[in-house]
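# An overview of the molecular structure
Here is what each chain is made of, one letter per residue.
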Amino acid sequence: MPTLRKKTSRFHINMDSALTRAMMLCVGVLITGTLGFTWIEDWLIWESFFFTLYTLTTVGYDDAEISPNGQRFAAFLMIGGIGSVSYALSQIVQYAATKAVDTEKRMITKANQLSKHCIVCGLGRTGFHIIQRLDDQGVQVVAVDSDEALIKKARDRGIIAIQGDATNDDALIYAGINRAASLAAATSSDSTNAMICLTANALAPDLPISARAEDEDSINKLARAGASSVISPTRYGGEGIADSMLRPSVAEVVYGTHHEGDKKLHFREIPISKENNRAGLSISTLISRHPSIAYIASRNTDGQYTMRPGTEHILEDGDFLLIAGQNQDLAAVERFDPKNQKTAA
C-alpha cells in the first residue's frame with residue numbers, strides 16, 4: 001500500500017502542476033491582450049482588459065472602433081488566446097474527473113486495509129443510524145450506495161463509502177466482503193435488499209447478513225434470499241411506541257425513550273473461546289467480578305439457548321453469552337480476561 005500512496009501523490013502533483021500552468025497561461029494571455037490594446041489603441045487599462053475579454057469570449061465587437069493594427073493584434077490574440085482558454089478548460093475538466101476517480105480509489109484502498117469490519121448497503125436514514133450505532137461501539141464500517149449525494153455526505157462524515165450498486169459483485173468485493181464480519185442490507189427497497197442478500201451470500205456464504213424489511217410480507221422472502229436476520233423498522237417502531245404507552249418505565253429502559261441522560265439498557269453478545277480464556281468460566285465467577293451485569297442467556301454451538309443461566313452454569317468453547325447493563329459495565333466485561341486479574345472491572 002505505501003507504493004500506491006506514493007504513486008497517487010506524484011500523480012496529484014502532476015495534475016496540480018498542469019492545472020497551474022493552464023491558469024497561468026490564461027492570465028498571461030489576458031495581460032498580453034490588455035497591454036497590447038493599451039499600447040496600440042491608446043486606451044485605458046480597463047477598456048483594454050474589457051476588449052481582451054470580448055476577443056477571447058468571441059461575443060462580438062458590436063460597433064467598437066479599432067485601428068488596422070489593433071485588428072491585426074486582435075486576430076493573433078484570437079488564435080492564441082482562444083486556444084489557451086480551451087486548453088485551460090480541458091485541464092480543469094480533466095482535473096475534476098480525475099479527482100473524483102482518485103477519491104474512489106482512496107476509498108477502495110482504505111476498505112482493502114480493513115478486516116472484521118461491517119458493510120452497510122444503503123445510505124438512507126436507516127443506514128446512517130446503523131453506521132452511527134456501529135461507530136459508537138468502535139466497529140469499523142464500509143458503506144455502499146449508488147447515490148452520489150449520499151456518498152459525498154457519508155465521506156464528509158469520515159465514513160469509508162464505496163459508490164456502486166450493492167447488488168453487483170464488484171461493489172461488495174471493493175467493500176471487502178471476503179474479510180468482513182457482517183453485512184446489512186438496509187435500502188428502502190425489499191427487492192433490492194433481497195438481491196443484495198443473494199449476491200452477498202454467493203460471495204461469502206458464511207457471512208452473517210442482516211436485512212431491512214419495509215413490508216412484513218417480505219420477511220420470509222429475505223430469509224430465503226440468505227438473510228441471517230430480518231428486521232422490520234415499522235414493526236419494531238410500532239412495538240416501541242406501544243410499549244411506551246402501556247409500560248413507559250420499561251420503554252425508558254429498553255428503548256431509551258427518556259431524553260435526559262443515558263438510562264437505556266444496552267445489550268452485548270460475548271464470545272466464549274479458549275483463545276480469550278473465557279471457556280470454562282462459571283456464571284458465578286462473572287457475577288462476583290461484574291455484579292451489576294444482567295446475564296440474560298447463553299447460546300451453545302448447536303444454537304440452543306439457556307435462559308437466565310444459573311450460577312453453576314459453565315460456559316464452553318464456542319458459546320455466546322448475552323448480557324445487559326450500562327455501557328461502561330458492558331465494556332468491562334468485554335475487556336475481562338480471567339488470566340489477567342488486573343483487567344478493569
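All of these numbers come straight from a predicted model, not from anything done at the bench.

Moving on, we come to the overall build of the protein. Within the protein one finds 12 helices and 10 strands. Burial status across the protein gives 36% buried among its 345 residues. Across the protein, every contact between residues at least 6 apart in sequence was considered, and the portion connecting residues at least 24 apart equals 58%. For the protein, the accessible area works out to roughly 20300 Å², and carbon and sulfur atoms hold 56% of it.

Taken together, four strands build an open sheet; the order of strands is β7-β10-β8-β9 and the sheet is antiparallel. Edge strands, defined here as strands with exactly one partner in the open sheet, are β7 (266-271) and β9 (305-307). Along the sheet, successive strands turn relative to each other by an average axial angle of 20°, direction set aside. Here strand β8 (residues 294-299) pairs with β9 via three bridges, running antiparallel. Among the inter-strand pairings, R299 is bridged to a residue of β9, identified as Y305. Together, β7 and β10 (320-325) form the strand contacts of helix α12 (residues 327-335), whose direction differs from that of β7 by roughly 0°.

A regular strand places its side chains on the two faces of the sheet in alternate fashion. Here six bridges tie β7 to β10, and the two strands are oriented antiparallel to one another. Residue pairing in the sheet places R268 in a bridge with I323 of β10. Where β8 lies against β10, five bridges are found, and the strand directions are antiparallel. Bridged to A297 within β10 is L322.

On to the side chain of H266, then. Topologically, H266 is positioned in strand β7. The class for H266 is buried, based on a relative accessible area of 9%. When sequence neighbours within four positions are dropped, the list of residues in contact with H266 reads R133, I323, A324, G325, N327 and L330.

Turning our eyes to something else, we now look at helix α2 (residues 45-57). The end-to-end C-alpha distance of α2 is 18 Å, a good match for the 18 Å that 13 residues give at a rise of 1.5 Å each. Taken together, the buried positions of α2 are occupied by S48, F51, T52, T55 and L56. Down the axis of α2, the buried set is contained in an arc of 135°. They therefore lie on one face.

Moving on, we get to the pattern of salt bridges. The full count for this structure, using the stated rule, is six salt bridges. In this structure, E104 and R155 form a salt bridge, with 2.5 Å as the shortest nitrogen-oxygen distance. Pair noted here: E104 is in helix α3 (residues 68-112) and R155 is in helix α5 (residues 148-156), with a separation of 51 residues, a long-range link. For E104, a relative accessible area of 16% gives the class buried.

This part covers unusual backbone geometry. Phi angles above zero are rare outside glycine, and N277 is one such case at about 65°. For R308, which is not glycine, the phi dihedral falls at a positive 45°. Along the chain, R308 turns up in the loop between β9 and β10.

This brings us to the confidence of the model for the protein. Regions with low pLDDT should not have their predicted coordinates read in detail. Confidence along the protein averages 83 in pLDDT terms, with 86% of residues attaining 70 or more. Averaged pLDDT values over the elements of the protein bottom out at 66 in helix α1 (residues 2-41) and peak at 97 in strand β1 (residues 118-121). In this model residues 1-13 is a low-confidence stretch, pLDDT under 50, and it forms nine contacts with partners more than four residues away in sequence or in other chains.

We now examine helix α7 (residues 190-203). The terminal C-alpha atoms of α7, which comprises 14 residues, lie 20 Å apart, in line with the 20 Å expected from a rise of 1.5 Å per residue. Turning to α7, its buried residues are D190, N193, A194, I196, C197, T199 and A200. Buried residues along α7 sit in contact with β1, α6 (169-174), β4 (182-185), β5 (209-212) and α8 (219-224).

Across all of its chains, the model carries six aromatic pairs by this definition. Between F37 and F73, the ring centres sit 5.1 Å apart and the planes meet at 90°, which makes this aromatic pair edge-to-face. With F37 in helix α1 and F73 in helix α3, this residue pair connects regions lying 36 residues apart in the sequence. In this structure an aromatic cluster arises from ring pairing among F37, W43, F51 and F73. Lying over the aromatic face of F128, K153 brings its terminal NZ or CZ to 4.9 Å of the ring centre. Positioned above the aromatic ring of F128 is the side chain of R157, whose terminal nitrogen or guanidinium carbon lies 4.7 Å from the ring centre.

I119, C121, V144, I177 and L183 are the most contacted members of the largest nonpolar core, which totals 32 residues. If one sorts the elements of this core by residue count, α7 sits on top with four residues. With residues near it in sequence (within four places) discarded, C121 still touches V144, A166, L172, L183, A184, A185, A186, T187 and I196. Core analysis: the next-biggest nonpolar cluster, separate from the first, contains 13 residues, I272, L286, L315 and V333 among them.

Here we take up a nonpolar patch on the surface. Together, V27, I31, L35 and I45 line one region of the surface with nonpolar side chains, adding up to about 370 Å² of accessible area. With three residues, the top contributor of residues to the nonpolar patch is α1. Mapped onto the fold, I45 is located in helix α2.

Criteria and thresholds
- Residues numbered from 1 in each chain as written.
- Predicted model: local features only at pLDDT ≥ 70, side-chain atom pairs only at ≥ 80, totals over all residues.
- Heavy atoms only, no water.
- Helix = DSSP H or I, 4+ residues; strand = E, 2+ residues; numbered from the N terminus.
- Buried < 20%, exposed > 50% of the residue type's maximum accessible area, 1.4 Å probe, protein only.
- Contact = heavy atoms within 4.5 Å.
- Areas by Shrake-Rupley, 256 points an atom, 1.4 Å probe, with all protein chains shown as cover.
- Pairing = 2+ DSSP bridges.
- Axes fitted to C-alpha atoms, helices over the stretch in contact; angles between N-to-C directions.
- Expected span 1.5 Å × (residues − 1).
- Arc of directions from axis to C-beta.
- Salt bridge = Lys/Arg side-chain N within 4 Å of Asp/Glu carboxyl O.
- pLDDT = per-residue confidence, 0-100.
- Phe/Tyr/Trp six-rings, centres within 6.5 Å; stacked < 30°, edge-to-face > 60°.
- Lys NZ or Arg CZ within 6 Å of the ring centre and 35° of its normal.
- Core = buried A, V, L, I, M, F, W, Y, C linked by side-chain atoms within 4.5 Å.
- Patch = residues over 30% accessible without salt bridge, like charges linked within 9 Å, V, L, I, M, F, W, Y side chains within 5 Å.

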